Amino acid sequence: MKTIGILGASGSIGSSALDVLASHPDKFSLSFISVHSNLEALEAILSTHAVKHVVVTQEKAYKQAKKRFPTIHVYHEEEMNDFLLAHPVDTVLNALVGTAGLLPSMTLSQAGRNIALANKESLVCAGELMMNAIKKSGAKLYPVDSEHSAIWQCLEASPTEKPEKIYLTASGGAFRDMNREEIRSAKVDQALAHPNWSMGRKITIDSATLINKGLEVMEARWLFDVEPEQIEVLVHRQSIIHSMVQFSDGSIIAQLGTPDMRLPISYALSYPRRLPNDWPRVDLFSIASLDFSPVDPERFPGLDLCVEALKEGGDRPMVLNVANEIMVQKYLDGEASFYDITDWIARALSDIEKIHHPSLQQLLERKEVVRDYLEEHFA
Ligand SMILES: NC(=O)c1ccc[n+]([C@@H]2O[C@H](COP(=O)([O-])OP(=O)(O)OC[C@H]3O[C@@H](n4cnc5c(N)ncnc54)[C@H](OP(=O)(O)O)[C@@H]3O)[C@@H](O)[C@H]2O)c1
């Protein structure tokens with residue numbers, strides 16, 4: 001029986017993970033969860049899982065949760081780090097969204113814990129610091145992002161070999177078949193209608209801008225210790241091949257599966273075993289073809305912005321990530337247009353002075369710097 005903690009249990013990945021746990025009650029026991037604001041989701045989780053420890057990170061929701069769930073131990077956001085250190089489990093799934101996931105990831109990495117990582121932003125923002133902490137502490141990092149899970153599984157085919165190249169597949173997002181003018185005038189609801197995956201709102205918009213793929217390039221760089229030039233992004237409309245690895249002899253190994261996040265979550269939590277399930281299988285006969293095409297940088301400038309930020313290093317990925325988070329929220333709130341997202345990331349990157357070798361504290365402080373910059377300049 002493996003003990004599991006889930007950070008971000010009320011989200012899309014969190015609920016898929018709870019589904020995985022519910023399918024294998026003999027294999028997993030849920031020790032703790034975190035939610036931010038969604039107390040209805042928390043109530044539903046408490047009614048189906050015997051979990052006694054909950055971190056509620058939003059102040060207002062924390063106060064309400066203390067009153068509403070008197071038999072549960074409820075912890076405040078500021079207690080998160082101490083809580084994680086005091087409650088070791090076999091694996092913590094970090095399914096928080098955005099930079100909120102960074103500190104818990106660093107805490108777990110420094111403490112030598114096993115982390116199933118969905119929160120790609122941790123590695124995007126502090127990849128070097130986090131991987132150094134992991135090397136020092138002996139922590140284990142199990143990728144949850146479907147593409148990175150695929151790469152991990154492909155690498156297991158030749159565990160002693162370094163990859164020559166990684167092919168990172170992208171669905172192309174909601175706007176893949178629109179021209180720039182159509183994208184410019186599309187509604188937020190259209191951006192949220194992902195053709196293949198059902199996900200949280202932020203990552204769905206990140207998929208439409210292809211920033212998500214750029215963040216994944218950064219994530220892959222750190223997870224698999226490859227150079228940005230070794231990673232090629234392919235638009236693959238069917239989302240059946242989740243990514244591929246090319247080895248030095250030219251062989252390419254691919255991982256295929258249905259677009260269902262329960263699969264990579266299940267693998268990350270049960271590794272090195274595979275758990276049987278009765279979820280839908282890929283029907284290869286019903287897939288007429290598997291298509292691949294390059295990303296169009298004119299319609300989707302977000303990918304190049306990410307790759308450039310990765311190559312520049314220092315605080316650039318953090319600045320990009322924070323600017324993206326803020327602009328995506330403005331877009332969802334109807335305060336920014338679709339192309340404002342990438343335009344204002346580019347402006348923030350060019351106007352905010354670079355820190356070449358930031359500490360964790362300096363990276364965290366960049367949040368305020370970028371927020372202030374956009375408050376002052378974005379009209
Ligand atoms: N969804 C997918 O299929 C998918 C696939 C691959 C990778 N990922 C990655 O997985 C992560 C989670 O994505 P998601 O789609 O599951 O997001 P989501 O549905 O928006 O869920 C986010 C979770 O984080 C919590 N949260 C929000 N703001 C927070 C804050 N300021 N502090 C602490 N917790 C906060 C939310 O709590 P409340 O709901 O209670 O407010 C919720 O539990 C992201 O990094 C994403 O890139 C997701």
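If you're wondering where the values come from, they're calculated on a predicted model, not measured in any experiment.

Asker: So what exactly am I meant to see when it comes to helix α1 (residues 12-23) here?
Answerer: Two residues of an α-helix separated by three or four positions point the same way, owing to the 3.6 residues in each turn. Counted at 1.5 Å a residue, the expected span for α1 with its 12 residues is 16 Å, and the 17 Å between its end C-alpha atoms agrees. Buried within α1 are the following residues: Ile13, Gly14, Ser16, Ala17, Leu18, Val20 and Leu21. Where the residues of α1 are buried, they touch β1 (2-7), β2 (28-35), α2 (39-48), β5 (91-94) and α12 (262-270).

Asker: Before we go on, may I ask you to explain the site of the ligand in this structure?
Answerer: Close to the ligand lie 24 residues; Ser10, Ser12, Ser37, Glu121 and Asp145 are nearest. The contact in question runs from an oxygen atom of the ligand to an N or O atom on the side chain of Ser37, over 2.7 Å. With the chains in place, 85% of the 900 Å² that the ligand exposes on its own is no longer accessible. Those elements that provide at least two residues to the shell around the ligand are α1 and α6 (120-137). A class-by-class count of the residues in the shell around the ligand yields 11 nonpolar, 10 polar and 3 charged. Looking at the shell around the ligand, you find at least three residues from each of domain 1 (2-143) and domain 2 (149-259 + 280-312).

Asker: Would you mind going over the pattern of salt bridges with me for this structure?
Answerer: Any two side chains of opposite charge can pair, given that their charged atoms come close. Inspection of the entire model under this criterion finds 22 salt bridges. Here Glu216 makes a salt bridge to Lys120, at a shortest N to O gap of 3.1 Å. One end of the pair, Glu216, is in helix α11 (residues 211-223); the other, Lys120, is in helix α6, and 96 residues separate them in sequence. The shortest N-O distance in the salt bridge between Asp225 and Lys162 comes to 3.6 Å. Residue Asp225 is located in the loop between α11 and β9 (231-235), and its partner Lys162 is located in the loop between α7 (146-155) and β8 (165-170); the two are separated by 63 residues in the primary sequence. On the accessibility criterion, Lys162 (52% relative accessible area) is exposed.

Asker: Quick question: what am I supposed to make of the domain arrangement of the chain here?
Answerer: When the domains of the chain are assigned, the result is domain 1 (2-143), domain 2 (149-259 + 280-312) and domain 3 (317-379). With centres defined by C-alpha atoms, the gap from domain 2 to domain 3 works out at 23 Å. Taken together, the contact between domain 2 and domain 3 spans 26 residues of the former and 15 residues of the latter. Carbon and sulfur atoms make up 74% of the area that domain 2 and domain 3 hide from each other, which totals about 1800 Å². The interface formed by domain 2 and domain 3 contains 0 salt bridges. Joining domain 2 to domain 3, the criterion identifies 3 residue pairs in polar contact (both at pLDDT 80 or more).

Definitions and cut-offs
Residues numbered from 1 in each chain as written. Predicted model: local features only at pLDDT ≥ 70, side-chain atom pairs only at ≥ 80, totals over all residues. Heavy atoms only, no water. Helix = DSSP H or I, 4+ residues; strand = E, 2+ residues; numbered from the N terminus. Expected span 1.5 Å × (residues − 1). Buried < 20%, exposed > 50% of the residue type's maximum accessible area, 1.4 Å probe, protein only. Contact = heavy atoms within 4.5 Å. Near = heavy atom within 4 Å. Polar contact = N/O pair within 3.5 Å; in protein donor to acceptor, adjacent residues only side chain to side chain. Areas by Shrake-Rupley, 256 points an atom, 1.4 Å probe, with all protein chains shown as cover. Nonpolar A, V, L, I, M, F, W, Y, C, P; charged D, E, K, R; others polar. Domains from an automatic or database assignment. Salt bridge = Lys/Arg side-chain N within 4 Å of Asp/Glu carboxyl O. Buried area = accessible area lost by both parts, 1.4 Å probe.

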